[in-house]
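Survey of secondary and tertiary structure
Each chain, written out:
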Amino acid sequence: MKALVAVKRVIDYNVKVRVKADNSGVDLSNTKMSINPFDEIAVEEAVRLKEAGVIDEIIVASIGPKESQEQIRAALALGADRGVLVQTDAKPYPLQVAKILKNVAEQESTDIILLGKQAIDDDNNQTGQMLAALMGIGQGTFASEVKVEGDKVNVTREVDGGLQTVALSLPAVITTDLRLNEPRYAKLPNIMKAKKKPLDEKTPADFGVEMTSKQEIVKVTPPAERKAGITVASVDELVDKLKNEAKVI
Ligand code: AMP
């Protein structure tokens, strides 16, 4: 069995995001970039399935600028086998990403396609769903547990009020939620080995996908500054303020 894992290059979640002065977007200069955290969980799940003997090969794919190679190499260091970089300097929107991933998945005949539930930069939560629809296959979104049994995969999903388990026939799309697993750290020897693993370079045009979008970002603004907090001297004072100033109790 083969797995395809989609990894997006995003601003590291520890970095405080700066909005460009002209409000056209987020300033990425001299900013630490990483694998989208949910995609790291997707890589970890694929590696665990490989370690369990369920999967034979893991392919990671990223659509983005040349520097996205760094994130592919990081995934290779975590245990993926080879990478595909679909290079573009255009901003990739979910539908375009889904169309490209569909091509990669079909060319590679992958059985399990793992994505994050959302990319933390644009918070779209769309790509996995679009991909499953375009491919006409099942989807298990917000996965907190993945169990492959024969030609089926049972995906436990975090839904309102509890957990739901769905059975999907393979191939299927799975998007990861936070509690699926805790990703490992790459060991130094594996980082070195990852440098020698194969990394294919493609363009969206190789898959017949145009990067023009029907969507345009009009404006990006930073969130309102939070007001400074205060320290109260006693519980009584706190209760008084909550009652009479904040009027929340
Ligand atoms: P989104 O729908 O944009 O919130 O992204 C959901 C998931 O789709 C991400 O967690 C990634 O697994 C995948 N994805 C989105 N954009 C890209 C990209 N440019 N390259 C690779 N994977 C992506």
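Heads up: these notes are all about the structure in this document. (Residues numbered from 1 in each chain as written. Predicted model: local features only at pLDDT ≥ 70, side-chain atom pairs only at ≥ 80, totals over all residues. Heavy atoms only, no water.)

Here we look at the site of the ligand
Residues in contact with the ligand amount to 18 residues; listed here are only the nearest, Asp39, Ile63, Ala119, Asn125 and Thr127. Within the contact set of the ligand, an oxygen atom lies 3.0 Å away from a side-chain nitrogen or oxygen of Asn36. The separation between an oxygen atom of the ligand and a polar side-chain atom of Asp39 is 2.5 Å. Elements supplying a minimum of two residues to the shell around the ligand: strand E4 (57-64) and strand E6 (112-116). If one sorts the elements of the shell around the ligand by residue count, E4 sits on top with 3 residues. Looking at the shell around the ligand, its residues break down into 8 nonpolar, 8 polar and 2 charged. (Near = heavy atom within 4 Å. Polar contact = N/O pair within 3.5 Å; in protein donor to acceptor, adjacent residues only side chain to side chain. Helix = DSSP H or I, 4+ residues; strand = E, 2+ residues; numbered from the N terminus. Nonpolar A, V, L, I, M, F, W, Y, C, P; charged D, E, K, R; others polar.)

Description of unusual backbone geometry
For the bond from Leu170 to Pro171, the omega torsion is 0°, close enough to zero to count as cis. Along the chain, Pro171 falls in the loop between strand E9 (162-169) and strand E10 (172-176). Backbone geometry places Ser109, a non-glycine residue, at a positive phi of 50°. By the element assignment, Ser109 lies in the loop between helix H3 (94-108) and E6. A positive phi angle, close to 55°, is found at Phe142, a residue other than glycine. Mapped onto the elements, Phe142 comes out in strand E7 (residues 138-149).

Just geometry here; none of it tells us what the structure is for.
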